Amino acid sequence: MRPRHLSRRVLLAGGAAALTACNASGPPQPPAQAPDSPETLLLKGLIAEKERTIALYSSLIAGGAQKLVPFRDRHQAHLDELRKHVKATASAPARLSASGSATPSATATPKTSLSRLRDLERKAAALRARQLASVSPGMAQLIASIGACEAAHAAALPRSL
């Protein structure tokens, strides 16, 4: 009996199959990160908005407007609660330091004024009602409460410092 010789085609096909098997059996690839849900995206936007609002209040407080501390502190409470519902955010936390100033992103804006804050609060409160339709009932309750507080801020902010 004569030994069988493998044809060139058989060798090439076997080599290709072996290479494919080697590549497929390599280390597992990390799963692609799932995109954020619409509710998570909304929460991240609210967090960023609250951080900017706190920075605006802090810039006026740093200039001596101590009457605004309770307003800023309520926004900080909103921010803390919102963060509980989002695992990680890309924005830097705007936490209050022991002295009561926001850190790290509380850069003073030259045009920060009471009228600007009042307008910001009014617009934010109006926006909250439109945000309720796309979230879970519990989140809708939180966002509605934040909107009610913002509406109260718009009415309660002092006319002058």
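Just above sits the structure.
Summary of the structure given here. Just so it is clear, the model here is predicted, and its values are computed rather than measured.

1. What about the side chain of R118?
Relative to the helices and strands, R118 is located in helix α4 (residues 114-131). Notably, R118 is buried but unbridged: the nearest opposite-charge side chain belongs to D119, and the N-O separation is 9.1 Å. A polar atom in the side chain of R118 sits 3.4 Å from the backbone oxygen of L157.

2. Concerning the environment of F71
On the secondary structure map, F71 appears in helix α3 (residues 69-83). According to the relative accessible area criterion, F71 is buried, its value standing at 8%. Separated by 79 residues in the primary sequence, F71 and E150 have C-alpha atoms spaced 9.2 Å apart. Not counting residues within four places of it along the chain, the set of residues in contact with F71 comprises Y57, H153, A156, L157 and P158.

3. Comments concerning empty space enclosed by the protein
Enumeration according to the criterion identifies one cavity of 30 Å³ or more in this entry. Around the largest cavity, the lining residues are E49, K50, T53, H75, L120, E121, A124, R128 and E150. Residue assignment for the lining of the largest cavity shows that the elements contributing at least two residues are α2 (38-62) and α4. Counting residues per element, the lining of the largest cavity draws most heavily on α4, at four residues. Across the lining of the largest cavity, the residue classes break down as two nonpolar, two polar and five charged.

4. Focus on the packing of aromatic side chains
In the structure shown here, the tally under the stated rule is one aromatic pair. Consider the rings of Y57 and F71, whose centres lie 6.3 Å apart with planes at 5°: the pair is stacked. Of this pair, Y57 sits in helix α2 while F71 sits in helix α3, placing them 14 residues apart in sequence. Its relative accessible area of 0% is what places Y57 among the buried residues. Over the aromatic face of F71 sits the side chain of R74, whose NZ or CZ is 5.0 Å from the ring centroid.

Analysis parameters
- In every chain, residue numbers begin from 1 and rise along the written sequence.
- Note on the predicted model: pLDDT of at least 70 is required for a residue's local features to be given, and 80 or more for side-chain atom pairs to be given and counted; whole-chain, interface and lining totals, by contrast, use all residues.
- Side-chain measures were taken over the full set of non-hydrogen atoms in the model, leaving aside hydrogen atoms and water.
- Secondary structure follows DSSP: runs of H or I at least 4 residues long count as helices, runs of E at least 2 residues long count as strands, and numbering of each begins at the N terminus.
- Only protein chains enter the accessibility calculation, which uses a 1.4 Å probe; a residue is then buried when its area is under 20% of its type maximum, exposed when over 50%, and partly exposed in between.
- For the charge count, each Lys or Arg is scored as positive and each Asp or Glu as negative, with His and the chain ends excluded.
- Salt bridge, as used here, is a side-chain nitrogen of Lys or Arg placed within 4 Å of a carboxyl oxygen of Asp or Glu.
- Any pair of N or O atoms that falls within 3.5 Å is considered a polar contact. Within protein, one atom must be able to donate a hydrogen and the other to accept it, and sequence-neighbouring residues count only if both atoms are side-chain atoms.
- Whether two residues are in contact is decided by their heavy atoms: any pair within 4.5 Å suffices.
- The distinction between a cavity and a pocket rests on a 1 Å grid over the protein atoms alone: a 1.4 Å probe fits inside a cavity but cannot get out, while a pocket stays open yet meets protein on both sides within 12 Å along at least five of seven lines, and a residue with an atom within 4 Å of a point counts as lining.
- Grid points are joined across faces, edges and corners, and a volume is the space filled by probe spheres set on the points.
- Think of it as three bins: nonpolar holds Ala, Val, Leu, Ile, Met, Phe, Trp, Tyr, Cys and Pro, charged holds Asp, Glu, Lys and Arg, and polar takes everything else, Gly as well.
- In this scheme Phe, Tyr and Trp rings, the latter by its six-membered ring, pair at centre separations within 6.5 Å, and the angle between planes marks the pair as stacked below 30 degrees, edge-to-face above 60, and tilted otherwise.
- When the NZ atom of lysine or the CZ atom of arginine is within 6 Å of a ring's centre and also within 35 degrees of its normal, the charge is said to sit over that ring.

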